[in-house]
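Fold and geometry: a report
Now for the letters of each chain:
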Amino acid sequence: MADLVARFRDVFGDSGPVRVVRAPGRVNLIGEHTDYSGGFVMPMALDRAVRIALVPHDEPVVAIRSVQFDERAEFRLPSYGKGDGSILCEAPGGPFRPFDNAQGRPEVLEGRQNTPVPFSDAPHWLRYPMKVAEVLAEEGIVLRGFRAVVDGDVPVGSGLSSSAAYEVASALALLVAARPDVPAGLAAALAEAHGLSAERLAELCQEAEHRVGVRCGIMDQFVSLHGRAGHALVLDCRDLSFEAVPLPAREAKVVVTDSGVKRRLSSGAYNERRRQCEEGAERLREFDPAIRELRDVSLALFEARADRLPEIIRRRCRHVVTENARVLESAEALKAGDLARFGELMNASHDSLRDDYEVSGPELDLLVEIARGVGGVMGSRLTGAGFGGCTVTLARPEAVEPLRAAVLEHYPRRAGLEPRIWVSEAAAGAAVEV
Ligand code: GLA
(Lines give C-alpha, C1' and ligand atoms only; values in the text may rest on other atoms or scores of the structure.)
Protein backbone atom coordinates (compact mmCIF):
# COMPACT_ATOMS: atom_id res chain seq x y z
CA MET A 1 0.00 0.00 0.00
CA ALA A 2 2.83 2.37 0.88
CA ASP A 3 4.11 1.59 -2.59
CA LEU A 4 0.87 2.65 -4.18
CA VAL A 5 0.88 5.99 -2.35
CA ALA A 6 4.50 6.53 -3.38
CA ARG A 7 3.50 5.69 -6.92
CA PHE A 8 0.68 8.18 -6.75
CA ARG A 9 3.05 10.94 -5.65
CA ASP A 10 5.40 9.92 -8.39
CA VAL A 11 2.75 10.16 -11.10
CA PHE A 12 0.97 13.28 -9.88
CA GLY A 13 3.62 15.05 -7.84
CA ASP A 14 0.98 15.62 -5.22
CA SER A 15 1.86 15.88 -1.56
CA GLY A 16 -1.66 16.14 -0.06
CA PRO A 17 -3.36 13.37 1.88
CA VAL A 18 -3.95 10.32 -0.25
CA ARG A 19 -6.90 7.96 0.35
CA VAL A 20 -6.57 4.26 -0.40
CA VAL A 21 -9.39 1.81 -1.08
CA ARG A 22 -9.15 -1.94 -1.55
CA ALA A 23 -11.53 -4.58 -2.94
CA PRO A 24 -10.67 -8.29 -3.10
CA GLY A 25 -11.15 -10.82 -5.87
CA ARG A 26 -12.81 -14.11 -4.99
CA VAL A 27 -12.56 -17.81 -5.44
CA ASN A 28 -15.80 -19.74 -5.59
CA LEU A 29 -15.67 -23.04 -3.67
CA ILE A 30 -18.91 -24.39 -5.13
CA GLY A 31 -22.11 -23.10 -6.76
CA GLU A 32 -21.11 -22.17 -10.30
CA HIS A 33 -23.41 -20.54 -12.83
CA THR A 34 -26.25 -20.58 -10.32
CA ASP A 35 -26.26 -16.94 -9.19
CA TYR A 36 -28.07 -15.52 -12.22
CA SER A 37 -30.83 -18.09 -11.71
CA GLY A 38 -31.43 -16.88 -8.14
CA GLY A 39 -29.56 -19.87 -6.71
CA PHE A 40 -26.90 -20.63 -4.11
CA VAL A 41 -23.14 -20.02 -4.17
CA MET A 42 -20.24 -20.46 -1.76
CA PRO A 43 -17.39 -18.06 -2.53
CA MET A 44 -14.69 -16.63 -0.31
CA ALA A 45 -12.91 -13.30 -0.74
CA LEU A 46 -9.28 -13.69 -1.77
CA ASP A 47 -6.18 -12.29 -0.19
CA ARG A 48 -5.60 -10.64 -3.57
CA ALA A 49 -7.20 -7.33 -4.37
CA VAL A 50 -7.49 -4.21 -6.50
CA ARG A 51 -6.28 -1.05 -4.74
CA ILE A 52 -6.82 2.55 -5.70
CA ALA A 53 -4.87 5.50 -4.24
CA LEU A 54 -6.63 8.79 -4.90
CA VAL A 55 -6.87 12.48 -4.18
CA PRO A 56 -10.15 14.29 -4.91
CA HIS A 57 -10.05 17.47 -6.99
CA ASP A 58 -12.53 20.07 -8.18
CA GLU A 59 -12.70 19.10 -11.82
CA PRO A 60 -15.52 16.68 -12.74
CA VAL A 61 -12.92 14.38 -14.17
CA VAL A 62 -11.63 11.02 -13.01
CA ALA A 63 -8.03 10.61 -14.11
CA ILE A 64 -6.51 7.19 -13.61
CA ARG A 65 -3.11 5.69 -14.09
CA SER A 66 -3.30 1.89 -14.28
CA VAL A 67 -0.09 0.23 -13.13
CA GLN A 68 -1.12 -3.22 -14.38
CA PHE A 69 -1.97 -1.98 -17.86
CA ASP A 70 0.70 0.70 -17.91
CA GLU A 71 -1.76 3.24 -19.29
CA ARG A 72 -3.29 6.54 -18.28
CA ALA A 73 -6.73 7.73 -19.19
CA GLU A 74 -9.56 9.82 -17.88
CA PHE A 75 -13.27 10.39 -18.20
CA ARG A 76 -15.67 13.13 -17.27
CA LEU A 77 -18.23 12.38 -14.64
CA PRO A 78 -21.83 11.85 -15.76
CA SER A 79 -24.45 14.36 -14.85
CA TYR A 80 -27.30 12.64 -13.06
CA GLY A 81 -26.30 13.78 -9.57
CA LYS A 82 -29.18 15.43 -7.80
CA GLY A 83 -26.97 17.51 -5.53
CA ASP A 84 -26.17 21.20 -5.37
CA GLY A 85 -25.22 21.39 -9.02
CA SER A 86 -21.66 22.24 -8.20
CA ILE A 87 -20.40 19.60 -10.56
CA LEU A 88 -19.79 20.36 -14.19
CA CYS A 89 -20.95 17.45 -16.20
CA GLU A 90 -21.11 15.84 -19.56
CA ALA A 91 -23.04 12.95 -20.98
CA PRO A 92 -22.54 9.57 -19.34
CA GLY A 93 -19.77 7.57 -20.88
CA GLY A 94 -18.55 10.85 -22.28
CA PRO A 95 -15.15 11.78 -23.55
CA PHE A 96 -11.89 10.70 -22.11
CA ARG A 97 -8.46 11.92 -22.94
CA PRO A 98 -5.10 10.56 -22.00
CA PHE A 99 -3.46 12.81 -19.49
CA ASP A 100 0.12 13.16 -18.60
CA ASN A 101 1.48 15.82 -16.40
CA ALA A 102 2.49 16.32 -12.85
CA GLN A 103 -0.68 18.09 -11.77
CA GLY A 104 -2.85 15.33 -13.10
CA ARG A 105 -4.60 17.76 -15.39
CA PRO A 106 -5.37 16.65 -18.90
CA GLU A 107 -2.56 17.19 -21.29
CA VAL A 108 -3.96 17.73 -24.71
CA LEU A 109 -2.32 15.25 -26.99
CA GLU A 110 -1.84 16.06 -30.59
CA GLY A 111 -4.89 15.36 -32.70
CA ARG A 112 -7.03 14.49 -29.70
CA GLN A 113 -7.68 17.95 -28.39
CA ASN A 114 -11.08 17.86 -26.73
CA THR A 115 -12.12 15.08 -29.01
CA PRO A 116 -14.86 13.06 -27.40
CA VAL A 117 -14.09 9.40 -27.77
CA PRO A 118 -16.95 6.93 -27.87
CA PHE A 119 -17.26 4.48 -25.01
CA SER A 120 -16.42 1.65 -27.36
CA ASP A 121 -12.98 3.21 -27.86
CA ALA A 122 -12.23 3.58 -24.16
CA PRO A 123 -9.51 1.26 -22.89
CA HIS A 124 -11.18 -1.85 -21.52
CA TRP A 125 -9.96 -1.26 -17.96
CA LEU A 126 -11.37 2.29 -17.93
CA ARG A 127 -14.87 1.09 -18.78
CA TYR A 128 -15.43 -0.32 -15.31
CA PRO A 129 -14.97 2.92 -13.35
CA MET A 130 -16.85 4.79 -16.12
CA LYS A 131 -19.89 2.56 -15.79
CA VAL A 132 -19.69 2.52 -11.99
CA ALA A 133 -19.72 6.33 -12.03
CA GLU A 134 -22.72 6.24 -14.34
CA VAL A 135 -24.80 3.94 -12.12
CA LEU A 136 -23.83 5.79 -8.94
CA ALA A 137 -24.83 9.10 -10.51
CA GLU A 138 -28.15 7.60 -11.61
CA GLU A 139 -28.64 6.48 -8.03
CA GLY A 140 -28.49 10.14 -7.06
CA ILE A 141 -24.98 10.24 -5.63
CA VAL A 142 -23.27 13.58 -6.22
CA LEU A 143 -19.87 12.62 -7.53
CA ARG A 144 -16.61 14.45 -7.39
CA GLY A 145 -13.58 13.97 -9.59
CA PHE A 146 -10.25 12.60 -8.48
CA ARG A 147 -6.90 11.52 -9.74
CA ALA A 148 -5.79 8.05 -8.93
CA VAL A 149 -3.37 5.23 -9.37
CA VAL A 150 -4.83 1.74 -9.56
CA ASP A 151 -2.98 -1.52 -9.11
CA GLY A 152 -3.89 -5.04 -8.19
CA ASP A 153 -2.68 -8.59 -7.81
CA VAL A 154 -5.86 -10.40 -8.85
CA PRO A 155 -4.81 -12.06 -12.11
CA VAL A 156 -6.89 -10.58 -14.93
CA GLY A 157 -9.03 -12.96 -17.01
CA SER A 158 -8.42 -15.89 -14.67
CA GLY A 159 -11.86 -16.44 -13.22
CA LEU A 160 -10.98 -14.77 -9.90
CA SER A 161 -13.21 -11.73 -10.46
CA SER A 162 -10.65 -9.06 -11.12
CA SER A 163 -13.40 -7.08 -12.83
CA ALA A 164 -15.76 -7.22 -9.84
CA ALA A 165 -12.88 -6.22 -7.57
CA TYR A 166 -12.17 -3.30 -9.87
CA GLU A 167 -15.82 -2.25 -9.93
CA VAL A 168 -16.09 -2.36 -6.16
CA ALA A 169 -12.78 -0.51 -5.71
CA SER A 170 -13.96 2.10 -8.24
CA ALA A 171 -17.22 2.53 -6.36
CA LEU A 172 -15.37 3.04 -3.08
CA ALA A 173 -12.98 5.50 -4.71
CA LEU A 174 -15.91 7.51 -6.11
CA LEU A 175 -17.77 7.41 -2.79
CA VAL A 176 -14.73 8.40 -0.74
CA ALA A 177 -13.88 11.24 -3.13
CA ALA A 178 -17.43 12.54 -2.75
CA ARG A 179 -17.33 12.25 1.07
CA PRO A 180 -13.71 12.74 2.18
CA ASP A 181 -14.95 13.22 5.74
CA VAL A 182 -15.77 9.49 6.06
CA PRO A 183 -12.91 7.78 7.91
CA ALA A 184 -11.15 4.57 6.96
CA GLY A 185 -13.11 1.40 7.65
CA LEU A 186 -15.28 -1.24 6.05
CA ALA A 187 -17.10 -0.43 2.83
CA ALA A 188 -20.53 -0.70 4.46
CA ALA A 189 -19.95 2.42 6.57
CA LEU A 190 -18.94 4.44 3.52
CA ALA A 191 -21.96 3.19 1.57
CA GLU A 192 -24.19 4.08 4.48
CA ALA A 193 -22.80 7.61 4.60
CA HIS A 194 -24.25 7.93 1.09
CA GLY A 195 -27.57 6.36 2.08
CA LEU A 196 -26.76 3.07 0.37
CA SER A 197 -26.73 -0.41 1.84
CA ALA A 198 -23.76 -2.63 1.05
CA GLU A 199 -26.19 -4.96 -0.78
CA ARG A 200 -27.36 -2.10 -2.97
CA LEU A 201 -23.77 -1.15 -3.67
CA ALA A 202 -23.09 -4.72 -4.82
CA GLU A 203 -26.12 -4.51 -7.13
CA LEU A 204 -24.93 -1.22 -8.59
CA CYS A 205 -21.51 -2.71 -9.31
CA GLN A 206 -23.22 -5.70 -10.94
CA GLU A 207 -25.25 -3.29 -13.09
CA ALA A 208 -21.99 -1.60 -14.13
CA GLU A 209 -20.66 -4.99 -15.28
CA HIS A 210 -23.85 -5.55 -17.29
CA ARG A 211 -23.28 -2.22 -19.01
CA VAL A 212 -19.72 -3.20 -19.84
CA GLY A 213 -21.27 -6.22 -21.53
CA VAL A 214 -21.52 -9.28 -19.27
CA ARG A 215 -24.90 -10.15 -17.78
CA CYS A 216 -23.25 -11.56 -14.67
CA GLY A 217 -24.93 -12.60 -11.44
CA ILE A 218 -24.40 -10.96 -8.06
CA MET A 219 -21.87 -13.36 -6.53
CA ASP A 220 -18.58 -11.63 -7.31
CA GLN A 221 -19.49 -8.08 -6.34
CA PHE A 222 -21.31 -9.34 -3.27
CA VAL A 223 -18.43 -11.36 -1.85
CA SER A 224 -15.92 -8.64 -2.69
CA LEU A 225 -17.95 -6.37 -0.40
CA HIS A 226 -19.04 -8.87 2.25
CA GLY A 227 -16.13 -11.32 2.48
CA ARG A 228 -15.04 -12.35 5.94
CA ALA A 229 -11.52 -13.44 6.92
CA GLY A 230 -11.31 -17.19 7.48
CA HIS A 231 -14.85 -17.79 6.19
CA ALA A 232 -16.71 -18.82 3.08
CA LEU A 233 -20.08 -17.18 2.44
CA VAL A 234 -23.11 -19.33 1.73
CA LEU A 235 -25.15 -16.85 -0.25
CA ASP A 236 -28.74 -17.02 -1.40
CA CYS A 237 -28.56 -14.99 -4.60
CA ARG A 238 -32.29 -14.36 -4.60
CA ASP A 239 -32.71 -12.49 -1.32
CA LEU A 240 -29.00 -11.88 -0.63
CA SER A 241 -29.19 -13.46 2.80
CA PHE A 242 -25.95 -15.20 3.67
CA GLU A 243 -24.14 -17.13 6.32
CA ALA A 244 -20.39 -16.92 6.92
CA VAL A 245 -19.12 -20.47 7.54
CA PRO A 246 -15.62 -20.88 9.03
CA LEU A 247 -13.08 -22.74 6.92
CA PRO A 248 -11.05 -25.21 8.98
CA ALA A 249 -7.61 -23.93 7.95
CA ARG A 250 -5.76 -26.52 10.02
CA GLU A 251 -7.48 -29.40 8.27
CA ALA A 252 -7.81 -28.14 4.73
CA LYS A 253 -6.17 -25.66 2.39
CA VAL A 254 -7.77 -23.90 -0.53
CA VAL A 255 -5.37 -24.18 -3.45
CA VAL A 256 -5.89 -22.05 -6.55
CA THR A 257 -4.24 -23.11 -9.80
CA ASP A 258 -4.17 -20.82 -12.79
CA SER A 259 -4.28 -22.80 -16.03
CA GLY A 260 -2.69 -19.93 -17.95
CA VAL A 261 -5.62 -20.02 -20.40
CA LYS A 262 -6.87 -16.44 -20.55
CA ARG A 263 -10.55 -15.94 -20.60
CA ARG A 264 -12.27 -12.86 -21.87
CA LEU A 265 -15.63 -12.90 -20.18
CA SER A 266 -17.43 -11.13 -22.95
CA SER A 267 -20.99 -11.16 -24.06
CA GLY A 268 -20.55 -14.44 -25.94
CA ALA A 269 -20.75 -17.83 -24.27
CA TYR A 270 -21.57 -16.52 -20.79
CA ASN A 271 -24.61 -14.55 -21.89
CA GLU A 272 -25.69 -17.49 -24.02
CA ARG A 273 -25.68 -19.77 -20.94
CA ARG A 274 -27.77 -17.24 -19.10
CA ARG A 275 -30.29 -17.11 -21.93
CA GLN A 276 -30.49 -20.90 -21.95
CA CYS A 277 -31.27 -20.91 -18.22
CA GLU A 278 -33.97 -18.32 -18.75
CA GLU A 279 -35.45 -20.40 -21.53
CA GLY A 280 -35.40 -23.50 -19.32
CA ALA A 281 -37.20 -21.68 -16.51
CA GLU A 282 -39.77 -20.37 -18.95
CA ARG A 283 -40.49 -23.82 -20.39
CA LEU A 284 -40.76 -25.41 -16.96
CA ARG A 285 -43.13 -22.68 -15.80
CA GLU A 286 -45.75 -24.44 -17.88
CA PHE A 287 -45.78 -27.19 -15.24
CA ASP A 288 -45.68 -24.88 -12.23
CA PRO A 289 -46.56 -21.20 -12.57
CA ALA A 290 -44.64 -20.46 -9.35
CA ILE A 291 -41.35 -21.03 -11.20
CA ARG A 292 -39.68 -17.67 -11.74
CA GLU A 293 -36.11 -18.85 -12.20
CA LEU A 294 -34.30 -22.19 -12.16
CA ARG A 295 -33.85 -21.66 -8.43
CA ASP A 296 -37.52 -22.59 -8.08
CA VAL A 297 -37.14 -25.92 -9.89
CA SER A 298 -36.84 -28.91 -7.57
CA LEU A 299 -34.87 -31.98 -8.56
CA ALA A 300 -38.13 -33.96 -8.56
CA LEU A 301 -39.90 -31.55 -10.89
CA PHE A 302 -36.88 -31.39 -13.16
CA GLU A 303 -36.65 -35.17 -13.41
CA ALA A 304 -40.35 -35.53 -14.06
CA ARG A 305 -40.34 -32.94 -16.86
CA ALA A 306 -36.82 -33.13 -18.27
CA ASP A 307 -37.96 -34.98 -21.38
CA ARG A 308 -40.04 -31.95 -22.36
CA LEU A 309 -36.96 -29.78 -22.72
CA PRO A 310 -34.74 -29.52 -25.81
CA GLU A 311 -31.53 -31.47 -25.26
CA ILE A 312 -29.15 -28.55 -24.67
CA ILE A 313 -31.59 -26.72 -22.41
CA ARG A 314 -32.14 -29.94 -20.47
CA ARG A 315 -28.43 -30.32 -19.76
CA ARG A 316 -28.01 -26.66 -18.79
CA CYS A 317 -30.96 -26.92 -16.41
CA ARG A 318 -29.72 -30.19 -14.93
CA HIS A 319 -26.45 -28.50 -14.03
CA VAL A 320 -28.13 -25.59 -12.28
CA VAL A 321 -30.72 -27.67 -10.42
CA THR A 322 -28.18 -30.23 -9.17
CA GLU A 323 -25.57 -27.55 -8.41
CA ASN A 324 -27.98 -25.69 -6.13
CA ALA A 325 -28.55 -28.92 -4.21
CA ARG A 326 -24.79 -29.48 -4.01
CA VAL A 327 -24.20 -26.05 -2.48
CA LEU A 328 -26.73 -26.64 0.26
CA GLU A 329 -25.29 -30.06 0.98
CA SER A 330 -21.72 -28.69 0.98
CA ALA A 331 -22.68 -26.06 3.51
CA GLU A 332 -23.99 -28.80 5.80
CA ALA A 333 -20.88 -30.92 5.22
CA LEU A 334 -18.61 -27.97 6.02
CA LYS A 335 -20.46 -27.19 9.23
CA ALA A 336 -20.32 -30.85 10.24
CA GLY A 337 -16.58 -31.00 9.50
CA ASP A 338 -17.16 -33.58 6.76
CA LEU A 339 -14.51 -32.34 4.37
CA ALA A 340 -14.40 -35.60 2.44
CA ARG A 341 -18.04 -35.12 1.44
CA PHE A 342 -17.38 -31.49 0.62
CA GLY A 343 -14.61 -32.62 -1.74
CA GLU A 344 -16.87 -35.17 -3.44
CA LEU A 345 -19.41 -32.46 -4.09
CA MET A 346 -16.71 -30.22 -5.59
CA ASN A 347 -15.76 -33.06 -7.92
CA ALA A 348 -19.38 -33.59 -8.92
CA SER A 349 -19.71 -29.85 -9.56
CA HIS A 350 -16.78 -29.91 -11.97
CA ASP A 351 -18.09 -32.93 -13.82
CA SER A 352 -21.46 -31.26 -14.23
CA LEU A 353 -19.85 -28.02 -15.48
CA ARG A 354 -17.79 -30.05 -17.94
CA ASP A 355 -20.49 -32.37 -19.26
CA ASP A 356 -23.80 -30.55 -18.84
CA TYR A 357 -22.91 -26.87 -18.75
CA GLU A 358 -19.94 -27.20 -21.12
CA VAL A 359 -17.84 -24.38 -19.71
CA SER A 360 -14.67 -26.35 -18.96
CA GLY A 361 -11.86 -27.05 -21.38
CA PRO A 362 -9.00 -29.52 -21.82
CA GLU A 363 -6.60 -27.54 -19.61
CA LEU A 364 -9.02 -27.18 -16.69
CA ASP A 365 -9.98 -30.85 -17.00
CA LEU A 366 -6.31 -31.79 -16.97
CA LEU A 367 -5.59 -29.74 -13.83
CA VAL A 368 -8.54 -31.34 -12.08
CA GLU A 369 -7.44 -34.82 -13.16
CA ILE A 370 -3.89 -34.23 -11.87
CA ALA A 371 -5.16 -32.86 -8.56
CA ARG A 372 -7.56 -35.74 -8.00
CA GLY A 373 -4.69 -38.18 -8.44
CA VAL A 374 -2.82 -36.75 -5.43
CA GLY A 375 -3.35 -38.40 -2.04
CA GLY A 376 -4.93 -36.03 0.47
CA VAL A 377 -6.73 -34.00 -2.19
CA MET A 378 -10.41 -33.99 -1.29
CA GLY A 379 -11.87 -32.32 -4.33
CA SER A 380 -11.01 -30.16 -7.32
CA ARG A 381 -13.05 -28.17 -9.78
CA LEU A 382 -12.96 -25.21 -12.12
CA THR A 383 -13.87 -21.94 -10.43
CA GLY A 384 -15.57 -18.88 -11.87
CA ALA A 385 -17.19 -18.72 -15.26
CA GLY A 386 -14.92 -21.31 -16.88
CA PHE A 387 -13.60 -21.18 -20.48
CA GLY A 388 -10.09 -21.06 -19.04
CA GLY A 389 -8.94 -19.43 -15.83
CA CYS A 390 -8.43 -21.29 -12.56
CA THR A 391 -9.26 -24.42 -10.64
CA VAL A 392 -9.86 -24.58 -6.90
CA THR A 393 -8.72 -27.61 -4.94
CA LEU A 394 -9.44 -28.58 -1.35
CA ALA A 395 -6.41 -30.41 0.04
CA ARG A 396 -5.14 -31.65 3.37
CA PRO A 397 -2.25 -29.38 4.45
CA GLU A 398 0.28 -32.17 3.94
CA ALA A 399 -1.02 -32.70 0.39
CA VAL A 400 -0.25 -29.15 -0.77
CA GLU A 401 3.40 -29.76 -1.68
CA PRO A 402 2.75 -33.10 -3.45
CA LEU A 403 -0.07 -31.35 -5.34
CA ARG A 404 2.21 -28.51 -6.39
CA ALA A 405 4.86 -31.02 -7.50
CA ALA A 406 2.35 -33.06 -9.51
CA VAL A 407 0.94 -29.99 -11.26
CA LEU A 408 4.41 -28.66 -12.09
CA GLU A 409 5.54 -32.06 -13.35
CA HIS A 410 2.61 -32.99 -15.55
CA TYR A 411 0.76 -29.84 -16.57
CA PRO A 412 3.39 -27.93 -18.57
CA ARG A 413 4.32 -31.06 -20.49
CA ARG A 414 0.78 -32.08 -21.34
CA ALA A 415 -0.81 -28.63 -21.75
CA GLY A 416 2.18 -26.68 -23.08
CA LEU A 417 1.41 -23.91 -20.57
CA GLU A 418 2.94 -22.69 -17.33
CA PRO A 419 0.56 -23.04 -14.39
CA ARG A 420 0.63 -20.87 -11.30
CA ILE A 421 -0.37 -22.48 -8.04
CA TRP A 422 -0.86 -20.99 -4.58
CA VAL A 423 -2.66 -21.47 -1.28
CA SER A 424 -5.31 -18.83 -0.63
CA GLU A 425 -6.62 -17.60 2.68
CA ALA A 426 -10.17 -16.27 2.95
CA ALA A 427 -9.86 -12.51 3.37
CA ALA A 428 -12.08 -9.69 4.57
CA GLY A 429 -14.25 -7.72 2.17
CA ALA A 430 -13.63 -4.33 0.62
CA ALA A 431 -12.56 -1.41 2.77
CA VAL A 432 -11.26 2.13 2.84
CA GLU A 433 -7.76 1.50 4.10
CA VAL A 434 -6.59 5.06 4.59
C1 GLA B 1 -18.74 -14.99 -13.32
C2 GLA B 1 -19.91 -14.08 -13.00
C3 GLA B 1 -20.66 -14.56 -11.76
C4 GLA B 1 -21.01 -16.04 -11.87
C5 GLA B 1 -19.80 -16.87 -12.29
C6 GLA B 1 -20.15 -18.30 -12.56
O7 GLA B 1 -17.79 -14.91 -12.31
O8 GLA B 1 -19.47 -12.77 -12.80
O9 GLA B 1 -21.79 -13.77 -11.56
O10 GLA B 1 -22.08 -16.24 -12.72
O11 GLA B 1 -19.19 -16.34 -13.45
O12 GLA B 1 -20.57 -18.92 -11.39
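Residues numbered from 1 in each chain as written. Predicted model: local features only at pLDDT ≥ 70, side-chain atom pairs only at ≥ 80, totals over all residues. Heavy atoms only, no water.

1. A closer look at the overall build of the protein
Assigned secondary structure in the protein consists of 12 helices and 13 strands. Counting the 434 residues in the protein, one finds 57% classified as buried. Considering only contacts within the protein whose residues lie at least 6 apart along the sequence, 72% involve residues at least 24 apart. Carbon and sulfur atoms make up 48% of the accessible area of the protein, which totals about 16,900 Å². (Helix = DSSP H or I, 4+ residues; strand = E, 2+ residues; numbered from the N terminus. Buried < 20%, exposed > 50% of the residue type's maximum accessible area, 1.4 Å probe, protein only. Contact = heavy atoms within 4.5 Å. Areas by Shrake-Rupley, 256 points an atom, 1.4 Å probe, with all protein chains shown as cover.)

2. Some points on the side chain of Arg381
Inspection of the secondary structure assignment puts Arg381 in strand E10 (residues 377–383). One polar contact links Arg381 to Glu32, side chain to side chain, over a distance of 2.7 Å. (Polar contact = N/O pair within 3.5 Å; in protein donor to acceptor, adjacent residues only side chain to side chain.)

3. What to know about the packing of helix H2 (residues 124–138) against helix H5 (residues 198–212)
At a minimum axis separation of 8 Å, H2 and H5 run at an interaxial angle of 130°. Comparing the axis directions of H2 and H5 gives the class oblique. Crossing angle aside, the handedness with which H2 passes H5 is right-handed. Contacts from His124, Arg127, Tyr128, Lys131, Val132, Glu134, Val135, Leu136 and Glu138 of H2 reach H5 at Leu201, Leu204, Glu207, Ala208, Glu209, Arg211 and Val212. Class assignment of the residues belonging to the contact of H2 with H5 gives a composition of 8 nonpolar, 1 polar and 7 charged. (Axes fitted to C-alpha atoms, helices over the stretch in contact; angles between N-to-C directions. Parallel < 35°, antiparallel > 145°, perpendicular 65-115°, else oblique. Left-handed = near helix turned anticlockwise from the far one by under 90°. Nonpolar A, V, L, I, M, F, W, Y, C, P; charged D, E, K, R; others polar.)

4. Focus: the site of the ligand
Taken together, Arg26, Glu32, His33, Asp35, Tyr36, Cys216, Gly217, Met219, Asp220, Tyr270, Gly384 and Ala385 make up all the residues around the ligand. Contacts to the ligand include Glu32, whose side-chain N or O atom sits 2.6 Å from an oxygen atom. Asp35 has a polar side-chain atom sitting 2.5 Å from an oxygen atom of the ligand. Summarising the interface, the protein chains cover 96% of the accessible area of the ligand, which totals 300 Å² for the free molecule. Taken atom by atom, the bulk of the ligand overlaps the largest pocket. For the shell around the ligand, the per-class residue count stands at 5 nonpolar, 3 polar and 4 charged. (Near = heavy atom within 4 Å. 1 Å grid on protein atoms, 1.4 Å probe; cavity = no way out; pocket = protein on both sides within 12 Å on 5 of 7 lines; lining within 4 Å. Sits in = over half its atoms within 2 Å of the grid points.)

5. Quick notes on the pattern of salt bridges
Applying the stated criterion across every chain, the model contains 36 salt bridges. The residue Glu272 makes a salt bridge to Arg273 at a minimum N-O spacing of 3.1 Å. On the basis of relative accessible area, Glu272 is assigned to the partly exposed category, the value being 34%. Taken together, the salt bridges that share partners define one network made up of Lys131, Glu134, Glu138, Glu207 and Arg211. (Salt bridge = Lys/Arg side-chain N within 4 Å of Asp/Glu carboxyl O.)

6. Some words on the layout of surface pockets
Taken as a whole, the largest pocket encloses approximately 800 Å³ of empty space. If you trace the largest pocket, you find 48 residues lining it, with Tyr128, Gly157, Ser162, Ser163 and Glu209 closest to the centre. Every element with two or more residues in the lining of the largest pocket is listed here: H2, strand E5 (146–152), helix H3 (162–178), H5, helix H6 (219–226) and helix H7 (267–285). Class assignment for the residues of the lining of the largest pocket results in 18 nonpolar, 18 polar and 12 charged. Size it by volume and the second largest pocket reaches roughly 210 Å³. Along the walls of the second largest pocket sit 14 residues, with Asp35, Gln206, Ile218, Cys237 and Arg238 positioned nearest its centre. Residues belonging to the lining of the second largest pocket are distributed by class as follows: 5 nonpolar, 3 polar and 6 charged. (Points joined across faces, edges and corners; volume = space filled by probe spheres on them.)

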